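# Commentary on secondary and tertiary structure
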Amino acid sequence: MNAATIRAVIGGTLLMASSLVSASAAQPLPVPPEHPNSQRISVETQGTGTDVILIPGLASSRDVWADLSAKLRKNHRIHLIELAGFANTAAIANPDGKIMAPAVDAIAAYIHVQHIKAPTIIGHSLGGEMALMLAARHPDLVGRVMIVDALPFYSLMFNPAATSETVAPQATATRNLILGQSPEQFTEFQKASIARLAKTEAVRPALVAAGIDSDRKTIADAVYEVMITDLRPELGRIKAPIEVVYAYDTVFGVPAASVDTMYRQAYASAPDIHFKRIDDSFHFVMLDQPERFSEAVESFLNGDVSQMQPQTE
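What counts and how
Residues numbered from 1 in each chain as written. Predicted model: local features only at pLDDT ≥ 70, side-chain atom pairs only at ≥ 80, totals over all residues. Heavy atoms only, no water. Helix = DSSP H or I, 4+ residues; strand = E, 2+ residues; numbered from the N terminus. Buried < 20%, exposed > 50% of the residue type's maximum accessible area, 1.4 Å probe, protein only. Contact = heavy atoms within 4.5 Å. Axes fitted to C-alpha atoms, helices over the stretch in contact; angles between N-to-C directions. Parallel < 35°, antiparallel > 145°, perpendicular 65-115°, else oblique. Left-handed = near helix turned anticlockwise from the far one by under 90°. Nonpolar A, V, L, I, M, F, W, Y, C, P; charged D, E, K, R; others polar. Expected span 1.5 Å × (residues − 1). Core = buried A, V, L, I, M, F, W, Y, C linked by side-chain atoms within 4.5 Å. Phe/Tyr/Trp six-rings, centres within 6.5 Å; stacked < 30°, edge-to-face > 60°.

## Concerning the side chain of S281
Structurally, S281 is set in the loop between β8 (273–279) and α10 (285–288). With relative accessibility at 0%, the residue S281 sits in the buried group. The contacts of S281, once residues within four sequence positions are left out, are A247, Y248, D249, F252, D288 and Q289.

What follows is the structure in structure tokens.
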């Protein structure tokens, strides 16, 4: 396994799909139509209590949070985001090719119009980068942030010296590759990707299916955007405390300490940052280690920073 492949396994590669069963308690809550980006997201709510907004990753459904939301909705009001063009939410026209930034603006508008006070934001993968973007560009709207298996600049996975400019040709080539695949190639690519992203075999078929249900152009545009977006210069604007939860498994072929260092270096400019490593897991931590992940979230929501350390059991 070469260095690029290892980094891809650690951070997840392109098609980060979704999970299993939709929670029956979900209630659709549309974003106010007067906002220009309102159709960029759909939202479902569950439970009552303090507010938690959950953002899934690339080509993912909100159902990737099903296990977590079933626990949290007993004491929290959960807002389950799904991006237009991913999984079960219809795609919209996207002439400028941007996915993340306008969706972040739509989430900010949702928080404002719904009068949600200082919500906790939890984002996985591409959703984690969106959570960072939301906290940096709308710092007064966010109470705290949990980033799940994501870096502030995705392309560091492939090249620690990458910049937005140097990675642009590779991002363009990747977008074109996705758009140019036949349906059969697209399906096989997703199966191979998910095998690297989810350690638990039982969840893989649903993850692949969710990716196939996603809009191809939306996926390709999002991949391009996440590859060239470097949020490290914006981390200092974030007022909310951040916890980064990330996966590790021996199959990565690198020492756990090296993975710890990669994450800490990437987030070095964040003013209030904590880290928690969850072992024996691939990229979909919430599916590979649901109990440990739920415990990490509960500790985070309770402000228990003593638990925000690498987990090595």
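Moving on from the coordinates now.
## Notes on the packing of helix α5 (residues 164–180) against helix α8 (residues 216–228)
To describe two helices that pack against each other, one gives the angle between their axes and the distance between the axes. Two elements in contact, α5 and α8, have axes whose closest approach is 8 Å; the angle formed by their N-to-C orientations is 165 degrees. Accordingly, the angle class assigned to the pair α5 and α8 is roughly antiparallel. Between α5 and α8 the crossing geometry is right-handed. Between α5 and α8, the contacting residues are S164, V167, A168, Q170, A171, T172, T174, R175, I178 and L179 on the first element and R216, K217, I219, A220, D221, V223, Y224, M227 and I228 on the second. Of the residues that constitute the contact of α5 with α8, the class distribution is 11 nonpolar, four polar and four charged.

## Some details on α8
When the terminal C-alpha atoms of α8 are compared, their 19 Å separation across 13 residues agrees well with the 18 Å that a helix rising 1.5 Å per residue should span. Burial analysis of α8 places 10 of its 13 residues in the buried class, which makes it a mostly covered element. Among the residues making up α8, those that are buried are T218, I219, A220, D221, A222, V223, Y224, E225, V226 and M227. The elements touched by buried residues of α8 are α3 (100–113), α4 (126–137), α5, α6 (183–197) and α7 (204–213).

## Considering α4
Compared with the 16 Å implied by 1.5 Å per residue over 12 residues, the 16 Å span of α4 between its first and last C-alpha is a close match. If you check which residues of α4 are buried, you get L126, G127, G128, E129, M130, A131, L132, M133, L134, A135 and A136.

## Here we look at the nonpolar core
One finds L126, M130, I147, Y263 and Y267 to be the most contacted residues of the largest nonpolar core, which totals 68 residues. Broken down by element, this core gets its largest block of residues, nine residues, from α3. If near-sequence neighbours (up to four positions away) are discounted, I147 is found in contact with G123, G128, A131, L132, I242, E243, V244, V245 and Y267.

## What to know about the packing of aromatic side chains
Applying the stated rule across the entire model yields six aromatic pairs. On the basis of an interplanar angle of 15 degrees and a centroid distance of 4.3 Å, the ring pair of Y246 and Y263 is categorised as stacked. A residue pair is termed long-range when its members are at least 10 positions apart, and Y246 in strand β7 (residues 242–248) and Y263 in helix α9 (residues 256–266) qualify at 17 residues. Considering the side-chain rings of Y267 and F275, the 6.2 Å spacing of their centres and the 70 degrees angle between planes classify their relative orientation as edge-to-face. Exposure remark for Y267: the relative accessible area of 1% places this residue in the buried category. Exposure remark for F275: the relative accessible area of 8% places this residue in the buried category. An aromatic cluster of three or more residues is present, and its members are Y248, F252 and F282.

## Quick look at the environment of I99
Turning to its location among the elements, I99 is positioned in the loop between β4 (76–83) and α3. Judged by its relative accessible area of 7%, I99 is buried. Each C-alpha atom, one on I99 and one on T218, is 7.3 Å from the other, the two residues being 119 residues apart in sequence. Non-local contacts of I99, meaning those with residues more than four positions away in its chain, are made with R40, L83, N94, T218, D221, A222 and E225.

So far we have only geometry, and geometry alone does not tell us how the molecule works.
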